[in-house]
Amino acid sequence: MKMKRGLKLLALVGVLSLIIAACGGGEGGDTTTTAGGDEETTTSAAAEETTTSAAEGTTVPAGELGTVEVAAGEPIKIASAQTISGDTASLGTDQVRAIEIAIADKGEILGHPIELAFNEDEGCASEGGQTAATRITADPQVIAVIGTSCSGAGVPASNVITSAGRVLISGSNTSPVLTSDLAGNEGPEHHEGYFRTAHNDAIQGAAAATFVFEELGLTQVATINDGDPYTQGLTSAFEGAFTDLGGTIALSTAVTPDQTDMRPVLTEVAAAGAELIFFPIFQPAGDFVAEQALEVAGLEEVVLMGADGLLSDTYVVLPQTENMYFSGPQTPTGDAYDEFVAKYEAEYGEAPIQSFHAHAYDATNMVFTAIEEAATDDGSGNLSIDMQALRDSLHGMTYEGLTGSLSCDEFGDCAAPNIDILQNTAETADIAAVRGNILATYSAEQLGF
Amino acid sequence: MTEAATVDARPVRRAARITPVSIFLWALRIAALAIILYGSYLSISSGRLSAAQWRDLFVFGISTGSVYALIALGYTMVYGVLRFINFAHGEVFMVGAMMAFYVANALATTTLWTSSPVVSLLIVLVAAMATSTSVAVIVERIAYRPLRGAPRLIPLITSIGASFTIQYLVRGLVGPSTKAFPRMEQLRGTTEILGVVILKSQVVVIVAALVMMAGLYLFVERTRTGKSMRAVSEDPETAALMGIDVDRTIVKVFAIGGAMAGVAGALWGLVFPSLNFFSGFLPGIKAFTSAVLGGIGNIVGAMLGGVSLGIFESVGPSLVLAGYEIPAFSQLKDVVAYAALVLVLIFRPTGILGERLAQERT
């Protein structure tokens, strides 16, 4: 009898531990609980609000996505959904700062102050993106969302935010699934109303592959992703381009983001005879790959290469990342950018900490321009902003930003990017130095896009 | 049909007990074994990995597994005396690892770190053990002692609460960022033992874990305190009647479990030199799995369970999954680990060494 109860208890414990394991996937775990229940109600509430305000909008013919009314003196609300805690915090914090600078620079739109109504943490995870988007869309006055930082969070966020009739514009999502493969095929997670000023990883993958094949002269490569849409999209773009060039993908494998023991997978890499490991993942898994690659027999000479997700101030200072190659968006040049960096340094006391601040700044300003175009004033300072007109305006816009000339294609890709290949050496002490150590630059045209 | 034939050959009394469930279980066991054996055959015969690489995978598994084993001891000992799973134990481990990080970081700036690595390592170990022991004892005093005598589910839920409390206290104290352990130059590179090339850090981890576990085993089997622990574990009421202070004994059990977790934390820092406030969760769950795998409540079982789980995780994906050409099989190592748990429990429902416990208890 006693035994039986003991076993029952054990079974219960087992089930409980599985539940905890499922909930505790990351730091976003604590916030996810609120998401599930609220999600449906809030989005439908938001949708309702939109239709009512559309019905009330008497002066302007309302588009089918509804309008947002901003009364005289009321602020125009935008939101941010970036990763601002945990290991990927530098990626999001960098962009939140850029959004704040953009708001301060702009001052006001058509006489209305601009308010960053939400600064949500998407935690670089799908659940975080879902939660952040759900919270934001609960406020029908929010016109546009700048985010997300990570493509993994962008997948649910794009769905929730565009379904609510709002636009989501990201400064650092790069996965092809969110837009298209740049060959005319719509990505499976593309939704109308999603835009981005960051490059599409079809280009970054091709740039990295071209560099490895032509400049480093290596033909046997192993790729490691972590199952996230960003890392998967980038490794598959790399693999496609590398095979087209004539190289061989010795091994295409994956780890989990919370994995610490990379030695078994690296043993497989050694067995496959790879000369280079391309692992566009995040920290801390990226720390372990670089650290343990040195220790696995057969990988003493292997070349390591990461991508923009690892190009952060906390990664390049690790001793094991010395001599590692990175691909990433080109650092903008020009007076406007220098002025922006000066403001950034004055405000936050350090140089930009990641690669996508300028993209987020441009994204925010594109939204401002689009709001100005889509808004109609009733003469007494009350604004009516048609959400369909806002999307149309973004699609039709050619915006000269810090990162170059931006014009959005039908799937929301706005950038005509240049990709830099960088190397971390003993001399490059911080992220700014690494970003300055450019070995090659590839433009989209050069790569055939 | 073959199962039926073998079963028929058994004595009549056994045959009378054949139920559809037992036939299903046997079919499942045979199918699972066949899948594993065929996958391993495919994988080994493909010649993808050299013998040295297979051996390396085993060594990686043993070193991770010995850390699991050290943590698992805390789960299994507490289960032995109190019959509940102390889910806060993973956090006790994390606190030890955190303290090890801060002490190691401070030491790394001194000459002691490079001139006498053994002394520095001992300091780090002692600091981690002291911290983990204190946290384990405090948790017992605050969260579990007031619940003594309550239904067993209640301390179980409390332990989950304690786990989150410790996690977020640590987050509040040291922040959410990931901390990188300082390197020790003497522990870098490899060494050769009996003709096998092993990473030095792994030698340290395996040796330290073995020493701790041997010490613990002797302590429990040979000392008066150990005897009182075994007595309380067998029957707390009779033990109390025999003059054993049950509360004191339980505190000692928590303290020893905490000390083992502290050692594990410091060793973890040597093999996986980066950690954050959430780092205790996964090793904790793995250690709990190890304890169940080995037969919960059994000390030697926890050690065996930990090392086996480490080996399953490390070798399993390459051995079984690779044979079936499953893409990106390394990502599935946790699946392999938990599937191995299920398999072992199908064959031995009480765990690898669970029988002794079951006999003692009935």
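Note that the structure is a prediction, hence the values are computed from the model and not measured.

(A) Molecular detail of the packing of helix 13 (residues 281–294) of chain B against helix 14 (residues 299–321) of chain B. Residue and element names in this part refer to chain B. The N-to-C vectors of helix 13 and helix 14 enclose an angle of 115°; their axes lie 7 Å apart at closest approach. Note that helix 13 runs across helix 14; the crossing there is right-handed. Along the contact surface, helix 13 presents Lys286, Thr289, Ser290, Leu293 and Gly294, while helix 14 presents Gly301, Ala302, Gly305, Gly306, Ser308, Leu309, Phe312 and Glu313. When its residues are assigned to classes, the contact of helix 13 with helix 14 shows four nonpolar, seven polar and two charged.

(B) Up close: the environment of Gly226 of chain B. Residues and elements named next belong to chain B. Among the structural elements, Gly226 can be located in helix 10 (residues 224–234). Residue Gly226 is classed as buried on the basis of its relative accessible area, which comes to 0%. As a C-alpha pair, Gly226 and Leu216 span ten residues in sequence and 9.0 Å in three-dimensional space. When neighbours within four sequence positions are excluded, Gly226 is seen to be in contact with Phe219 and Val220.

(C) Inspection of the packing of helix 3 (residues 20–45) of chain B against helix 15 (residues 333–347) of chain B at higher detail. Residue and element names in this part refer to chain B. For the pair helix 3 and helix 15, interaxial distance at closest approach is 10 Å and the crossing angle is 135°. Regarding the angle of helix 3 to helix 15, the classification is oblique. The chirality of how helix 3 crosses helix 15 is left-handed. Note on element contacts: helix 15 touches helix 3 through Leu343, Ile346 and Phe347, opposite Leu25, Leu28, Arg29, Ala32, Leu33 and Ile36. Here the contact of helix 3 with helix 15 is composed, by residue class, of eight nonpolar, no polar and one charged.

(D) Just the interface of chain B and chain A, in detail. Contact residues are listed per partner, giving 46 residues for chain B and 47 residues for chain A. At the junction of chain B with chain A, the criterion picks out one salt bridge. Here Glu268 of chain A makes a salt bridge to Arg48 of chain B, at a shortest N to O gap of 2.1 Å. Going through the elements one at a time, helix 4 (51–82), helix 8 (153–174), helix 12 (246–271), helix 13 and helix 14 of chain B are the ones with two or more residues in the side of chain B that touches chain A.

(E) Molecular detail of the sheet that holds strand 3 (residues 108–109) of chain A. Residue and element names in this part refer to chain A. The mixed open sheet is built from six strands, whose spatial order is 3-4-2-5-6-7. Strands at the two margins of the open sheet, each flanked by one partner only, are strand 3 and strand 7 (194–196). In this sheet, strand 5 (residues 142–147) lies alongside strand 2 (residues 76–82) in parallel orientation, the contact comprising five bridges. Across the sheet, residue Lys77 finds its bridge partner in strand 5, namely Val142. This element, helix 4 (residues 126–137), spans strand 2, strand 4 (112–121) and strand 5 of the sheet and lies at about 145° to strand 4. Where helix 5 (residues 151–163) meets the sheet, its contacts fall on strand 5, strand 6 (167–170) and strand 7, and the angle it forms with strand 6 comes to roughly 145°.

(F) Local environment of the confidence of the model for chain A. Averaged over every residue, the pLDDT of chain A is 84; the share at 70 or more is 86%. Of the regions scoring below 50 in pLDDT, residues 23–61 of chain A engages in 40 contacts with residues more than four places distant in sequence or in other chains.

(G) Structural context of the state of the cysteines. Residue and element names in this part refer to chain A. Inspection of the entire model under this criterion finds two disulfides over all chains. Between the sulfur atoms of Cys124 and its disulfide partner Cys150 the distance amounts to 2.0 Å. With the S-S bond torsion at -100°, the cross-link from Cys124 to Cys150 turns out left-handed. With Cys124 in the loop between strand 4 and helix 4 and Cys150 in the loop between strand 5 and helix 5, this pair connects stretches of sequence that are 26 residues apart. Relative accessible area serves as the criterion here: at 13%, Cys124 is assigned to the buried category. Looking at Cys150, the relative accessible area reads 2%, which means it is buried. In chain A, the bonded cysteines, numbered by position in the sequence, are linked as 1-2, 3-4.

Cut-off values and rules
Residues numbered from 1 in each chain as written. Chains lettered and ligands numbered in written order. Predicted model: local features only at pLDDT ≥ 70, side-chain atom pairs only at ≥ 80, totals over all residues. Heavy atoms only, no water. Axes fitted to C-alpha atoms, helices over the stretch in contact; angles between N-to-C directions. Helix = DSSP H or I, 4+ residues; strand = E, 2+ residues; numbered from the N terminus. Left-handed = near helix turned anticlockwise from the far one by under 90°. Contact = heavy atoms within 4.5 Å. Nonpolar A, V, L, I, M, F, W, Y, C, P; charged D, E, K, R; others polar. Buried < 20%, exposed > 50% of the residue type's maximum accessible area, 1.4 Å probe, protein only. Parallel < 35°, antiparallel > 145°, perpendicular 65-115°, else oblique. Salt bridge = Lys/Arg side-chain N within 4 Å of Asp/Glu carboxyl O. Pairing = 2+ DSSP bridges. pLDDT = per-residue confidence, 0-100. Disulfide = S-S within 2.5 Å.

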